[in-house]
Amino acid sequence: MGTLASLRGVPPRAGPILSIEGRQPYIDGHAVQFQDISEELLQAVIHAAASLFGDLWLGPMVQVTGLGQRTLQRDRIAKHGLPAHVLVMLGRGSFAAPPKAFGHLLLSVATIWDDVGTSDPFHQDGSDALSSQGLDELADRLQGLVEHARLTVNTLRDEAETARQIRRSLETNR
């Protein structure tokens, strides 16, 4: 198990722990050179990002993190790494059950965040943050969206089950 096991969706047993302070990586509290961990970090990031967003994870990562597309390119990650908060999100997100659902939720939040931001004066002043009013609107809209999605899936699944029952009935009565 590698030093970055927690980013791969496999909880580390008693293995080394990666931490980052500023741009300095540490393994079990000991400073290491970035180039010594860069390939393993890249592979862990790819694995965690794919578990959340699928193989085409670059676009969703840009949308969710607010980072530039170039920053999230594989060669840049191998050379410079990623901000610690993004690595934390990937590590925690890969433990969600199931990770893909959490990735969809992250994308939903980011999409509505951007939409709310178009009318939030705090957001329009060049900040990507939302005001407390914007955060309240975001929460209300997300709650409504989740309920609408739940009802939609329920209706679709009910209709599919009804169709299966009709088909079985017709096959039985032949």
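Everything that follows concerns the structure shown earlier in this document.
All chains use their own residue numbering, which begins from 1 and follows the written sequence. At least 70 in pLDDT is required for a residue's local features to be given in this predicted model, at least 80 for side-chain atom pairs to be given and counted, and no such filter applies to totals for whole chains, interfaces and linings, which use all residues. Calculated side-chain values reflect all of the structure's heavy atoms, with hydrogen atoms and water omitted.

J.: Which residues make up the environment of Gly81, and what are the values?
T.: Counting from the N terminus, the helices are DSSP H or I runs at least four residues long and the strands are E runs at least two residues long. In this structure, Gly81 sits in the loop between helix H3 (74–80) and helix H4 (84–93). Using a 1.4 Å probe on the protein chains alone, a residue whose accessible area is under 20% of its type maximum counts as buried, one over 50% counts as exposed, and one in between counts as partly exposed. On the basis of relative accessible area, Gly81 is assigned to the buried category, the value being 8%. Distance in space between the C-alpha atoms of Gly81 and Thr71 is 8.8 Å, their sequence separation being ten residues. Not counting residues up to four positions away in its chain, the partners in contact with Gly81 are Phe34, Leu41 and Arg76. Only heavy atoms enter the contact rule, under which two residues are in contact if any of them lie within 4.5 Å.

J.: Break down the environment of Phe53 for me, with residues and values.
T.: Within the fold, Phe53 resides in helix H1 (residues 34–53). On a C-alpha basis, the gap between Phe53 and Phe102 in space is 8.9 Å, while along the polypeptide they are 49 residues apart. Non-local contacts of Phe53, meaning those with residues more than four positions away in its chain, are made with Pro60, Met61, Val64, Lys100, Gly103, Leu106 and Leu107.

J.: So what about the sheet that holds strand E1 (residues 18–21)? Which residues, and what values?
T.: The sheet built from three strands is open, its strands ordered E1-E2-E3 with antiparallel pairing. Sheet topology places E1 and strand E3 (30–31) at the edges, where each strand pairs with a single neighbour. Between any two strands, pairing holds if DSSP finds at least two bridges.

J.: Could you give an account of H4, naming the residues involved and the relevant values?
T.: Among the residues making up H4, those that are buried are Val86, Leu87, Met89, Leu90, Gly91 and Gly93. Residues of H4 that are buried make contact with E1, H1, helix H2 (58–65) and helix H5 (99–117).

J.: Outline the pattern of salt bridges, supporting the account with residue identities and numerical values.
T.: Whenever Lys or Arg places a side-chain nitrogen within 4 Å of a carboxyl oxygen from Asp or Glu, that contact is recorded as a salt bridge. Throughout the structure, instances matching the rule amount to seven salt bridges. One salt bridge connects Glu137 with Arg141, and the closest N-O pair in it is separated by 3.5 Å. Pair noted here: Glu137 and Arg141 are both in helix H7 (residues 132–172), with a separation of four residues, about one helical turn. Residue Arg164 pairs with Glu161 through a salt bridge whose shortest N-O separation is 3.2 Å. Here Glu161 and Arg164 lie together in helix H7, a separation of three residues that amounts to about one turn. Of the residues examined, Glu161 reaches a relative accessible area of 28% and is grouped as partly exposed.

These figures come from the coordinates and say nothing about function on their own.
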